[in-house]
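Summary of structural features
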Amino acid sequence: MDSIGPRTSPQPVTNGGGAAQSEPQHDLSQVLQALEAIYDSRSSNDTRKKASAYLEQAKKLPEAPSHGFTLAIDRAQPPALRHYGLSMLEYSIKYGWEDYSIEQGDALRDYVIQLAQAISEEDPVYLRNKVAQLWTEVAKRSWGAEWMDMDERLVGLWQSSLHHQAVVLYVLETLSEEIFTREDPTAGLRGKDLGRACVDIFLPAAVLAQHLPDRDTNLNVKFGEDGWLKRLCDLLSWCLANDFQNNERITTCAVKTLNTLRAAVAWVMLPGIAATQIIEHVCKALAVPVVAIQQAAVEVLYAISCRPHLQDDKAFVDIVCPMFTPGTVALFREVYSWTLADMDVHDINEQKYSLCKKLAELAASLGSFIEQKPQLIPEGSDIPGMLNLFFDMLRNPSLVVSIPVLHCWTKLLRSRIVRESEVVNQMIGGLLETCCSRLVRYEALPEDSDDVTLLFLNEDIDTFPERHAFLGNYRRYCEDVVEVTVRRTPIEAMQHIFGQADTLFQNLYNGNPPFQAQYFHKHSTPVLRVDAQVTVINAALRGYLKWLSTQGSDPQKDDHDRNAMQDAIEQWCRQLMNSRFEDPEIARKVVQLLVTFSTKALPESSAFALSLLEYILNSHLPDNPATPTYSDAVKDLERTCSQEMSKLAMMFADEFMGVYDELERKINSILSAQTDDDRQRMAFSGFLFIIVHRCTIIDQETREARLRQMLGTVKEAWQNDEFSQSLSSFGSFCEMLGMSQLPDFFSAHSFQRVQDWSAQSLDGEGQAMQASILERSQHLPLRLTKTLLAASTEKLRDGSPNYETALVLWSEAIPSILPNLLQLISHAQAFNNIENWAHLPEEFQFVIKKVLTDRFWQAGISTESRDDFFARVSGSKSTFEGFASTVRGTVRQIRESSYYILYSLTRFRDFFYGIPDLPVPLSQSLFGNAHALSAHHLSVLLSVSTQLIEGCPGHLRAHFLPPMVAGLFRELDRKVTTEWDAINKVISESGQNDNLSDEMKTESILRQLTYSAVTLVSSLMNFQRPGKSKGQKTKSQSMSEFIMATPEVLEPIFLFCKNTIHVRDTRCVTLVVRVLRSLIPWFREKSQIREFYCIDILQAAITSLHEPYFVDCQKELALLIAAIILLDEDIPRSIIMSLPGMPDKTYRVDRKLSQLRGANQNTALQRSIVLDLLSSVRGMSIQEQGRIERPKPRKSTIKEEYMTVDPTPTIVRGTSPGLAGIADMFGQD
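Residues numbered from 1 in each chain as written. Predicted model: local features only at pLDDT ≥ 70, side-chain atom pairs only at ≥ 80, totals over all residues. Heavy atoms only, no water.

Filter applied, for reference: UniProt positions are given in the numbering used here, feature names are shortened, and annotations may be inferred rather than shown by experiment.
Looking at an unreviewed UniProt entry, one finds the protein named ARM repeat-containing protein, with Lophium mytilinum as its source organism. For the record of the protein, the UniProt heading Sequence similarities (unreviewed entry) holds the text "Belongs to the exportin family." Of the protein, the UniProt comment under Function (unreviewed entry) reads exactly: "tRNA nucleus export receptor which facilitates tRNA translocation across the nuclear pore complex. Involved in pre-tRNA splicing, probably by affecting the interaction of pre-tRNA with splicing endonuclease."

Here it is in structure tokens:
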């Protein structure tokens, strides 16, 4: 508060006084009518708007505080009118406080004190809470400065009645959270003073004297010796000693007391918790059979267990170990058992179930202490009882209850002391059994399944993305337990797991009909059982390999055990290869598992590898095109077999070279029976290439000659004159693919007149054209080139002999490939550019746009299941929609295959990046038509561009990067800006009940594109601040230093960043703001970039700061604004002064800017000053928009830790308050 007299501020009146003489009285008789108009359902929107405007204006009147107090304290007035009176006081406190004199501030404070003293039990709870809120607002602004007796006032209220105590509890809880937890901007301005005051009044005087002997004792804010921690514990004891079960007021009081303790224990000195025996008091509350009290008690214990610095030995013994006493452990067990009594998934007791989940979180937190400090736990503690409780919680049918304890077990089993204890030894079998049984893919179970665990899962987690993330974490922890168990006792555990697997494979179809192709389902019960068992075996294999890596202390025994294990593994694998699986999905998983064993566990057993290769080559299953899902699964199996054979070839190239001729004959035999499978032919070519390339038993010259011969096919295909002629123009490109007649075909078949393409069947001509397009695309040299590039580079270290061989071979081929490859990319992107179809009538341009529109399924958005979507797509192949899918899919495949080839060529470093005339044509090819791509397709282009940019050798950056980076970011800026504008327009014009699922899908994809682009910026600009590496010699210029020194690269990146501050995605905005703030130290000197910061970026940041959407970015935005203000004294000030309402507050603005410059490196204070400075822009405060007032409901730890996913797309309707835009914001007419 400022001691200088007010300027244009409202004039509060002291109690009993009148309005300031210089101000006229305003008639407030219509306040009640205005309130009634707002709440009357018969009122028109126009009437409500006028009433709201009247009420808002009344809050700003000079005599508003006096009127507000008069209305609020008069019990004869209706509650709504009294509440409005409190809101008038609130407005004056929040937005006028700085402009009041000390006397006026005292008057406002007296109003609040009188209101708090005058509350009665008959007052509605919301009125009492509002009074308490006003108390905290005044406290944040004057306590410890002008207001020194607040603690005495609180104690006075405390001694009055239960409802007065409720006000005190609200004040104490809110101050604790807003000063220490929420980083409230108002509290942040006085954070140090308020923090010291809170420490003084909460802790007993004896604790302060003992642990803070050097503190400033002149603060004089404390009243009495006890402190609020002790008073809270005493009140809790009083509640528990009285009739809390039958008296709701006492129960409520106990819960509020515990909530206040929860807020306090998050920050008070740890000795204070021990000295006031909070643990003991709270455990007594946990023992009472009232769920609300028990829930609040567990919250307090959990808050204590999450405190940092509990690793300190004394704090651990004093605070954590009391929770391990036999009595407390028995209490935890009793409460947990009590919650299970009503745990019926068909009739859940929500309160008890919530308590059960929170108790599991507490148990997991305490378990982490057992893992970290088992040696400090006193004798007499019931650790076996605690571990048994953990074991029972793990087996809870609800995975949400189980997961924190499961996570805890993954840590406990890594502690030697815990792992080797007798009680854990007895649990190992049960732990393994539980984890193995829960590796089933619950998300793939039928929706009508009666599995109890699945029913709980559906009850707990609504959205598919969160469920997917949660189950992924749960499976990972189960695998961890299996892995740790096998590592500890490999022989016994592997025998047990192999025995489980044998039983499964021998009884695969027990209770189910034998396999029939026409009834194939990717998630059938046998498939899910095999999938779970394979997951267990893979986890066990990881544990076995880690056990192998630790051998050596006893060589003789180690060799014996290792040989025994390898013999057992190979015997089991050979036994499995004796089985033939007709289900392609099961066969695929078995092949993958066997290859993993061969390459990881049996790398020295070439005989087994040869047997496995023969098994894979004979794993072919007959195709059945009449059953599309089965046919697709067979193709998946063939692709997997090809990939797994390549893995074997990389590991056993010499052994396979010994039977190369035989392999070639076998492969030719297989291919002769599959004349139409070009993909399989290419895969086999890659397999044979790997064998020749990686083997060491033939001389280098012979090897290179054979490899050069294999690559000759690729070079010839790219240099083919007919192929080159086909790429000479966009028209010839379409002709090559059989698409030049598309407009005539669409016209002849009246595509423009058919609404539902998926319902219209293709005739014979259409199916022939569809087949022709597919067949022609197969003749392009893309697949063979991709296959041989992958075979040449996969799993090779740069500089290795095989890498050098590949380098020599491909350096000869690159000049032959690139010219036509760039043309292919350019035409494949131009296909999506509607300008290339502008010669068509408008109705056929619409058909082309529809053809180019992809069909998507997206988790959490699409209304059908993923399997139903794929079934629908698969079933529409012979329809108009299927034809359109073939057209766009063929062009997309050409594009993305070409991208992959480009990416693969980057492995050859200078031979690719150093080509003299490559950068500009490459940039034109990639980005010339990029604006025509959808956000999804542009994401793919962004991915390959990122690889091209980041892979560029340092000495070639100046040659290669400028056209690439500039071209990429110009297109990203163009696409991101226009797409977000389009989405925002659709949303703003939509009605509340409009179905916006398509827009939600588009928005979701756009979010991912934007985030990927922002992540690239962050990666490129990731460097140390100037001066950090002073005196250190660096070998070469970093990527970020190159960009900063190259204006043609830096400019488009900065323009993209500035425009991204406006996109409606908090994750992207937060990241880009952090990047921009991190770069500011580089622009201390005057420059165009510094001016760009001070004008354009500052305006963008202020605009977003005051958009309701960006609530979660406000802290980051405020810090960016603060950093820009500190960058230049004049320009940012002029920008701020141009904001609405600021010209009348010159003194206040200058004072705040001065405070900001004096804040040094205190970012929390800088943030608070900026938020306070800009709080009333356009007369609309951040707090009024509901952003920094009351906290959101606390997100549960389980949800935060185990269900975190990329933010799901949301559609924000055009109903949220917002600002008119940058022109209005900055005073432009």
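1. Side note on the overall build of the protein
Definition in use: Working definition: helices are DSSP H or I runs of at least four residues, strands are E runs of at least two. Numbering for both runs from the N terminus. Two things to know: the radius of gyration comes from C-alpha atoms, and the globule rule equals 2.2 Å times the number of residues to the power 0.38. Each residue is assigned to one of three classes by its accessible area relative to the maximum for its type, calculated with a 1.4 Å probe on protein chains only: buried under 20%, partly exposed between the two thresholds, exposed over 50%. Whether two residues are in contact is decided by their heavy atoms, any of which lying within 4.5 Å being enough. Values of accessible area rely on a 1.4 Å probe in the Shrake-Rupley scheme; residue burial ignores everything except the protein chains shown. Counting rule applied: Lys, Arg positive; Asp, Glu negative; His and chain ends not counted. The atom standing in for a charge is NZ when the residue is Lys, CZ when it is Arg, CG when it is Asp and CD when it is Glu.
Counting its regular elements, the protein contains 59 helices and zero strands. Taken against the 2.2 N^0.38 rule, which gives 33 Å for 1229 residues, the C-alpha radius of gyration of the protein at 36 Å falls within 12% of a compact globule. For the protein, the spread of C-alpha atoms along the principal axes amounts to about 105 × 75 × 70 Å. Evaluated residue by residue, the protein yields a buried proportion of 55% over its 1229 residues. For the protein, the share of sequence-separated contacts (at least 6 apart) that also reach a separation of at least 24 residues comes to 76%. As displayed, the protein offers around 53500 Å² of accessible surface, 48% of which is attributable to carbon and sulfur atoms. Put simply, the protein has 123 plus and 154 minus side-chain charges, and the middle of one group is 2 Å from the middle of the other.

2. Here we look at the UniProt feature "domain: Exportin-1/Importin-beta-like" (unreviewed entry) in the protein
In this numbering, the UniProt entry assigns the feature "domain: Exportin-1/Importin-beta-like" (unreviewed entry) to residues 125-184. Here residues 125-184 runs as 78% helix and 0% strand, with 24 Å between its end C-alpha atoms.

3. Notes on the pattern of salt bridges
The test is simple: The term salt bridge refers to a side-chain nitrogen of Lys or Arg lying within 4 Å of a carboxyl oxygen of Asp or Glu.
Counting across every chain of the model gives 59 salt bridges. Two residues, Asp392 and Arg333, come together in a salt bridge whose shortest N-O distance is 2.5 Å. Of this pair, Asp392 sits in helix 20 (residues 383-394) while Arg333 sits in helix 18 (residues 326-340), and the two are 59 residues apart along the sequence. On the accessibility criterion, Asp392 (24% relative accessible area) is partly exposed. Salt-bridge contacts for Lys647 lead to Glu644; the nearest nitrogen and oxygen are separated by 3.2 Å. You can see Lys647 and its partner Glu644 sitting in helix 31 (residues 628-651), three residues apart, about one turn around the helix. Residue class for Lys647 comes out partly exposed when judged on its relative accessible area of 36%.

4. Re helix 39 (residues 764-778)
Going by this rule: A helix is expected to reach a length of 1.5 Å times the quantity of its residues less one. What the arc covers is the set of directions going from the helix axis to the C-beta atoms. Throughout this description, a polar contact denotes any pair of N or O atoms lying within 3.5 Å of each other; where both atoms belong to protein, one of them has to be capable of donating a hydrogen while the other can accept it, and for residues adjacent in sequence the pair is counted only when both atoms sit in side chains.
Helix length check: helix 39 (15 residues) gives 21 Å between terminal C-alpha atoms against 21 Å at 1.5 Å per residue, within 8%. Among the residues of helix 39, those classed as buried are Gly766, Met769, Gln770, Ile773 and Ser777. Summarising the axial view, the buried residues of helix 39 lie within an arc of 100°, below the 170-degree limit, and thus occupy one face. For helix 39, the exposed residues lying more than 90 degrees away from the buried face are Gly764 and Glu765. Where helix 39 is buried, its residues touch helix 38 (742-748) and helix 44 (880-905). Among the residues of helix 39, the N-terminal cap falls to Asp763, whose side-chain oxygen and the backbone nitrogen of Glu765 are separated by 3.3 Å.

5. Here's the deal with the packing of helix 40 (residues 782-793) against helix 41 (residues 801-830)
Inclusion rule: Structural elements are reduced to axes, namely lines fitted to C-alpha atoms, with helices fitted over the stretch in contact, and the angle between N-to-C directions of any two is expressed from 0 to 180 degrees. Each angle receives one of four descriptions, namely roughly parallel if under 35 degrees, roughly antiparallel if over 145, roughly perpendicular if within 65 to 115, and oblique otherwise. We call a crossing left-handed when the near helix sits turned anticlockwise from the far one by less than a right angle, and right-handed when that turn is clockwise. Polarity classes work like this: nonpolar for Ala, Val, Leu, Ile, Met, Phe, Trp, Tyr, Cys and Pro, charged for Asp, Glu, Lys and Arg, and polar for all others, with Gly in that last group.
Running from N to C, helix 40 and helix 41 point in directions that differ by 150°, and their axes come no closer than 12 Å. Regarding the angle of helix 40 to helix 41, the classification is roughly antiparallel. Like other packed secondary-structure pairs, helix 40 and helix 41 cross with a definite hand, here left-handed. Contacts from Leu782, Thr785, Leu788, Leu789 and Ser792 of helix 40 reach helix 41 at Ala806, Trp810, Ile817, Leu821 and Leu824. For the contact of helix 40 with helix 41, the residue count by class is eight nonpolar, two polar and no charged.

6. Quick word on the nonpolar core
Stated precisely, the cut-off is as follows: We define a nonpolar core as any set of buried Ala, Val, Leu, Ile, Met, Phe, Trp, Tyr and Cys residues linked to one another through side-chain atoms lying within 4.5 Å.
Formed by 395 residues in total, the largest nonpolar core has its most connected members in Trp409, Phe470, Phe733, Phe831 and Tyr1093. Sorting elements by how many residues they give to this core places helix 41 first, with 15 residues. In this structure, Trp409 is in contact with Leu387, Phe390, Phe391, Leu394, Val424, Met427 and Leu431, ignoring residues within four places of it in sequence. Of all hydrophobic cores here, the second largest spans 13 residues; its members include Leu55, Ala58, Leu61 and Ala64.

7. Side note on the packing of aromatic side chains
As a reminder, the rule being used: In summary, the pairing rule links any two rings of Phe, Tyr or Trp, Trp by its six-membered ring, whose centres are within 6.5 Å, and it sorts them by plane angle into stacked for under 30 degrees, edge-to-face for over 60 and tilted for everything else.
Taken as a whole and judged by the stated rule, the model has 43 aromatic pairs. Residues Trp135 and Trp147 carry aromatic rings whose centres are separated by 5.3 Å and whose planes lie at 50° to one another, so their mutual orientation is tilted. Of this pair, Trp135 sits in helix 6 (residues 125-142) while Trp147 is found in the loop between helix 6 and helix 7 (150-158), placing the two residues 12 residues apart along the sequence. For the pair formed by Trp135 and Trp147, the shared burial category is buried. Put simply, the rings of Phe745, Phe746, Phe751, Trp757, Phe880 and Phe883 touch in pairs and so form one group of aromatic residues.

8. Things to note about the environment of Gln375
Note on placement: Gln375 falls in the loop between helix 19 (350-372) and helix 20. With a relative accessible area of 55%, Gln375 lands in the exposed category. The spatial distance from the C-alpha of Gln375 to the C-alpha of Ile417 is 8.5 Å, given a sequence separation of 42 residues.

9. As for the packing of helix 48 (residues 957-989) against helix 51 (residues 1047-1060)
Two elements in contact, helix 48 and helix 51, have axes separated by 8 Å at closest approach and are oriented at 20°. By the angle class used here, helix 48 and helix 51 are roughly parallel. As for the relative orientation of helix 48 and helix 51, their crossing is left-handed in sense. On the side of helix 48, the interface is formed by Pro962, Val965, Ala966, Phe969, Arg970, Leu972, Asp973, Val976 and Thr977, while helix 51 contributes Glu1048, Val1049, Pro1052, Ile1053, Leu1055, Phe1056 and Asn1059. Class assignment of the residues belonging to the contact of helix 48 with helix 51 gives a composition of 11 nonpolar, two polar and three charged.

10. Let's talk about the domain arrangement of the protein
The following threshold applies: Throughout, the edges of the domains are those of an automatic or database domain assignment.
For the protein, the assigned domains read domain 1 (459-511 + 521-714), domain 2 (715-841 + 878-908), domain 3 (918-988 + 996-1023 + 1039-1082) and domain 4 (1092-1187). Using only C-alpha atoms to locate each centre, domain 1 and domain 4 end up separated by 59 Å.

11. Some points on the state of the cysteines
For clarity, the cut-off: Criterion for a disulfide: a pair of cysteine sulfur atoms at a distance within 2.5 Å.
Evaluated as defined, the whole model comprises zero disulfides. For the unlinked cysteine Cys1068, the closest cysteine sulfur is that of Cys1113, found at 9.4 Å. With relative accessibility at 0%, the residue Cys1068 sits in the buried group. Left without a disulfide partner, Cys1094 is nearest to the cysteine sulfur of Cys1057, which lies 16 Å away.

12. A look at the environment of Trp837
Turning to its location among the elements, Trp837 is positioned in the loop between helix 41 and helix 42 (842-851). With 94 residues separating them along the chain, Trp837 and Pro743 place their C-alpha atoms 9.3 Å apart. A distance of 3.0 Å separates the side chain of Trp837 from the backbone oxygen of Phe831, its partner in a polar contact.

13. As for the confidence of the model for the protein
As a reminder, the rule being used: pLDDT is defined as a per-residue confidence score from the predictor, taking values between 0 and 100.
Mean pLDDT for the protein: 87, with 90% of residues reaching 70 or above. pLDDT under 50 marks residues 1023-1033. Its contacts with residues more than four places away, or in other chains, come to nine contacts. This model gives residues 1206-1229 a pLDDT under 50, and the stretch forms 57 contacts once residues within four places in sequence are excluded.

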